[in-house]
Each structure stands twice: as C-alpha cells, then as structure tokens.
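# Topology and contacts: notes
Next come the chains, spelled out residue by residue.
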Amino acid sequence: MNQGLAMSLSRVRFDAGMCVTCGQLHEAHGTHLYDYHQQVDEDLMCQICLQPLVTPVDTLCGHTFCSRCIHNYLALQQQCPIDRKVLTLSDCQPSSILVRRLLDKLLVVCPNVDYCEEVLTRCELEAHLLHRCRGAVTRCIKSSLGCSFQGPRSALQSHLWECPYRDQNAGKNPVTEGEVSTIEVQRKEGENLGVAVVGGCDTPLVCTVIQEVFADGAVSHDGRLIAGDQILEVNGEDLTQATHHQAVAILAQFFPVCRLTVYRERAEESRPIEKEEILKITLSKVKGKPLGIKLVGKRNGPGVYILTLIPGSLASCDGRLKMDDRVLEINGQDVSYGTQEQAASIIVASQPRVQFVVARKSRPQTPDIIRSAAEHNKYAAFTDDHEKPVSPLCYTCKEKIVTINKDPTETLGVSIAGGLASHRGDIPVYITNINLDGCVGRTNVLKKGDVLVSINNTSLLNMTHLESVKQIRASSEVKVLTLRVIDSRETTQGDHNFTPSWIYWLQMPQSVRLVKTITLLRSPAGSLGFSIVGGADCSHGCLPIFVKSVVPDTPASKDGRLKCGDILLSVNEHNLRTISHAAAVEILKHIDGAVTLSVVSWPGTVV
C-alpha cells in the first residue's frame, strides 16, 4: 500500500472515531476489538460476542461474559444468555484477578499494520497506541493555528519541516505542570540540545529525565524545558522503553526541528487530592493454610490497617489486598473504628469465607509509569560494596595497580578531566585521551575513561583539576610510576576525547564516591520538592534511594544543589542505605525543621 493511500485510510479511521484503547472502529459502547497473535483458549471466550473476554464479569449462575456485552444484553432482556435464568446487573461481579491477568497477557498485533509490526500483550496496547506506535494517527501540533495535517506519527516529523504554520507563535506551546506536553525546539546546524540526562528503562529511575540544562544549547535558547522534565518521545521515537544509552543516541540525532513530548511533575501542594477507592474482597479459608494478614493501628487516627501479608499465605497468593489498606468491614461487621483485637477475633471466627471491605488511597498515574507498576523491581541491586546482591550497573568497575617504567624526561602523555569543583561537579579525575607515542600509550595498560585514584601513593581524590595536573607533572621526573586506577568499562573509539555517561559514574566503587551535604527547609505547605525511587524492599535486590524528580518552585528546586539521579545516603540521623522505599518516604515526610541530606551526585550524560 502506498503512503498516500495509507494516510487517506488513516484519516478515515481518525475522523470516524477510532477507539483509543484497541485502535479499532466499533460502536461507542461496544466491546473492544483486537487482532490476536495466537489462538485463544475457548475457556477465555465470551459466549455473546464469541471473542476473548474484555473486562470479564461473572454471573450468579456461573457464566462469564464481557462487561459491555452482558450490559447491552441485559438492557434488552434480564436473563442469562446461556441458561435463561433471571439475571440483573447487580448479580454480575468482576471476574477473579487470575482470569483478568490471563486475559491481559494475551498477545495482540498492533492494528496499524502498514507502519507497525509490534506484537505485545493486550494490556500494553493502549499505551503503545497513545505514546509509541509509528502508525498511530495524529494531528500537527500547529493544528490550533489552522494546520490540517492528519497522519501517522512516522510522517509527522517530515511534515513539521514544511508545515506552513511552523514559525507562527513559536512560543505558544508552554510545558504544563502535571500534563503531557509536546513542544518543538529549533536547532541550528551542529548545535547540541545542551542538556544532561539521567535514567532510562535499564535504571531504577525507569524514565529518561533532564538533570541539567546548559546555557549554550538549543534547549536553553528555547527556554521552555527545565531540570526534572521527563522526556517521553523524541521525533516520534519512544523513550519510555529505551535504555539510557539508547535514549542518549536518539537525543543526539540532529533534526532542524526537535519535537519533544515531555512530562513535568506538579508541585506536591498543588497535586490532586488522593482518591479513595472502596473494594470488596472475599477470601476462602483453606484448612492448614494461614490467611496471612497482619493488622495494625495508627497513632494519627482510628481504624485498622493491613501492615503486611505473609509470603505464601492465602492473602498473599490472592494478591488483591495490599499493604496500608484500611479495613472498614469484616463479614458485614463495622471495624472502621475498631481495634486489632476485634478485627482478628472476627477473622478467626469466620467460616468458610472472610469478606473484607477496604479503603485504598491512590494517586493518579503519571506517564512515567505507563508500563507495569511492578516493572521497576526488575533491576538488580544498587548497593554498597559490602552489601549483596550487587547490580551489574553499580560499583562494577574494579581497582588495579599499574607500574610504568619511563624516561625521566618524558611526560605521561595523557589528558585528564574532573577533580573537585570541576565544571560538572565534584568528580574523580579520569583520562580523556592518550598519546599513543607517550609512555602510557606505548605500554597499553591504561585506556580512555580509566579513573586515576593515586600516583606514587599520592591520592588525587580530594584535589581540584589544577592540583591533579600539577601532581601528575611533578611525578613525570621519576623513572618508575605506580598508578592506582579504576578500570572503566566505557571507552571512546577513534581520536575523540572520552566523555563519561551517567551509567559510567554509577559503576564507580564506593571508594571514589564524593559525598556532599545539603540542608533544606520545608515550604509552608510542608513539601521538600523531590520524589524518590528505589529501596531495600525491591523484589530483585536492595536498591539505594534515588532522587527521581525535582519539582519546580519548591525548596529543593530553589536551593539548586539536589539533582535528578542523585543517591540519598542519609537524612538527618537516619541511614537510608538499607531501608525500604516506604520507610524512606515516611522519614522524609515527618522530619521537622532543617532536613540535612547526605548525597552522592553523579553528572548526567550530555547530549
């Protein structure tokens, strides 16, 4: 199919109201349609639409249908479509979480087959169509000015270069807090974006975040992006599933018009109030197997809460009850102002089922967690050297001793960068280039990116760049040099100087970390102004506490020293190195007065 015809068909799909969830045309209240990659088990089929179940519900008579199918059917006649027993909507309950998970995992083909060959799980399709699919129909970002372009996302970038409204109202699109925003950044030939980024799907931050904006780059000249903004898409290329190095490579590509889709967090005091969801959950007791629910009261209010679920227990395997759920009723008895003892006695006396009514608070999801909420746990541990397990990303570079014999008249023949108070912060001294004819180059024992820890037993770790250069020159007069170095895993090919990435710094061992202290005072609303990820309770290992975002116009943002991607070691007298995420959040929330943070701050990757 030629591109013109495909775009024409795309316009028809767009104007006809293509469903944003499944990407297909169907009635407004009809069941979603999917193109399944494999044959689906007949037990997962709806007996009304004869398609795999979508939002399944169970009837009292033991049958399962799509929610929309049975709703439309019962609007015409109130009886079960299979056994003809009397049936009303109130007799239908959502199917078990196990059934819904099986359906969510069904593989479907992206409906935009002319542009996209993606095969993905059904639950991921909506986010794919909205944020990543190259064939998804979109309008020009200048459509409010009169541009009539509609077409696949893959054609949008080429359109923007020739859009008749391209230069009109260049500053019209602001980046709005708490919303996904799309902007265009104009770039001159050879001009960098001028930002440093951290994160990526292979790191605990999951998303790609701007850590720093430099004064001489295209982003600074545009003036709309700031540190802390999450980058979701660049010129149609999805960054939500890109590793750190993939994201950097995409950002480094030159386009005269760089189209960026970004998300900026809203200040905590301006965020929507937490929503409270009321859930009814029934657990069936099994002889010899514990229910596995630990209850607790809270000092700051009445009621009974779920403290934890015992691994392997009935409640844990069921998966519907969560930590910090507030228990309102147990088997119809009100415990919203009850005690742990009262709740426990009702549970013990309950046979054979225990029905809970719980209240669960939740915040609206932001675009950086479009993917599975548990996915941040897939990363291995980021821990101190003596702690296990150890991540493949963090603290993996090894230290070695190198001895070089040389003529007293020759220099080392290396270029270095870094040091205390360097233009990228307090970082160790590292080799940026090596003269192949010099004494280091001839021996071939060092490479670009290696960190110089000491030279002839004189440490370089607490020296400025100039002091390190003087020390290296002073050591050139000896015949034997003993160097202690960190063997880097990153190299630069060819004659280019080595430029470290954020991942490079995360690999450094604890011995070369430079810890800084930052003291913040809370805003009148109580906010410090940054969010965190990580913690010791991740299922795949122990993660440090990372700063994920710094929110504009908050104490952390105004102070300017705390950056996205920083590692928090402690807050006041509390050690955060082996603490759970929830515990770290509670500590940060409840400390009064001055909040003193011990931080390891590594510079982001420059693009």
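The structure contained in this document is the topic of the report that follows. (Residues numbered from 1 in each chain as written. Predicted model: local features only at pLDDT ≥ 70, side-chain atom pairs only at ≥ 80, totals over all residues. Heavy atoms only, no water.)

Right, let's get into the overall build of the chain. Helix and strand counts for the chain stand at 14 helices and 33 strands. The proportion of buried residues among the 607 residues of the chain is 49%. Here the contacts in the chain between residues at least 6 apart in sequence split such that 62% fall between residues at least 24 apart. With an accessible surface of roughly 29900 Å², the chain has 51% of that area assigned to carbon and sulfur atoms. (Helix = DSSP H or I, 4+ residues; strand = E, 2+ residues; numbered from the N terminus. Buried < 20%, exposed > 50% of the residue type's maximum accessible area, 1.4 Å probe, protein only. Contact = heavy atoms within 4.5 Å. Areas by Shrake-Rupley, 256 points an atom, 1.4 Å probe, with all protein chains shown as cover.)

On to the packing of aromatic side chains, then. As enumerated under the stated definition, the model contains 8 aromatic pairs in all. Their ring planes at 65 degrees and their centres at 6.3 Å tell us that tyrosine 430 and tyrosine 504 sit as a pair that is edge-to-face. Taken together, the residues span a long stretch of sequence, with tyrosine 430 in strand β23 (residues 425-434) and tyrosine 504 in helix α12 (residues 502-506) at a distance of 74 residues. Here the two residues tyrosine 430 and tyrosine 504 agree in accessibility, since each one is buried. On the numbers, 4.7 Å between centres and 80 degrees between planes, the contact of tyrosine 504 with tryptophan 505 is edge-to-face. (Phe/Tyr/Trp six-rings, centres within 6.5 Å; stacked < 30°, edge-to-face > 60°.)

Judged by side-chain charge, Arg100, Arg101, Lys105 and Lys322 come together as a positively charged surface patch. Mapped onto the elements, lysine 322 comes out in the loop between α8 (314-318) and β18 (326-330). (Patch = residues over 30% accessible without salt bridge, like charges linked within 9 Å, V, L, I, M, F, W, Y side chains within 5 Å. Salt bridge = Lys/Arg side-chain N within 4 Å of Asp/Glu carboxyl O. Lys, Arg positive; Asp, Glu negative; His and termini not counted. Charge placed at Lys NZ, Arg CZ, Asp CG, Glu CD.)

Locating glutamate 277 in the fold gives a position in strand β15 (residues 275-284). Expressed as a C-alpha distance, the spacing of glutamate 277 and valine 358, which sit 81 residues apart in the sequence, is 8.2 Å. For glutamate 277, the contacting residues outside a window of four places in its chain are Val358, Ala359 and Arg360.

Here we take up the sheet that holds strand β5 (residues 107-109). Spatial ordering of the open sheet is given by β1-β5-β6, a layout of 3 strands whose pairing is antiparallel. One side of each edge strand has no neighbouring strand; the edge strands of this open sheet are β1 (35-36) and β6 (119-121). (Pairing = 2+ DSSP bridges.)

For helix α7 (residues 244-252), the complete set of buried residues consists of His244, Ala247, Val248, Ile250 and Leu251. Taken end-on, α7 shows its buried residues confined to a sector of 165 degrees, consistent with a single buried face. (Arc of directions from axis to C-beta.)

A word on the nonpolar core. If you look at the biggest cluster of nonpolar residues, it comprises 48 residues, and the most contacted ones within it are Met508, Phe530, Leu562, Leu568 and Leu597. Tyr34, Cys46, Val54 and Leu103 belong to the second-largest nonpolar core, a separate cluster that totals 28 residues. (Core = buried A, V, L, I, M, F, W, Y, C linked by side-chain atoms within 4.5 Å.)

Glancing now at the pairing of strand β29 (residues 543-550). Along β29, 8 of the 8 residues are buried, which leaves the element largely enclosed by surrounding structure. With 6 bridges connecting them, strand β28 (residues 530-535) and β29 associate as antiparallel partners. The partner of valine 533 across the bridge, within β29, is phenylalanine 546. Here β29 pairs with strand β30 (residues 567-571) via 2 bridges, running antiparallel. Its bridge partner lying in β30, phenylalanine 546 is registered against isoleucine 567.

A regular strand carries its side chains on alternate faces of the sheet. Of the pairings in the sheet, the one linking strand β22 (residues 414-422) to β23 comprises 6 bridges and is antiparallel in character. Note that in β23 the partner of serine 415 across the bridge is asparagine 433. Between β22 and β23, which pair antiparallel and follow one another directly, the connecting turn spans 2 residues.

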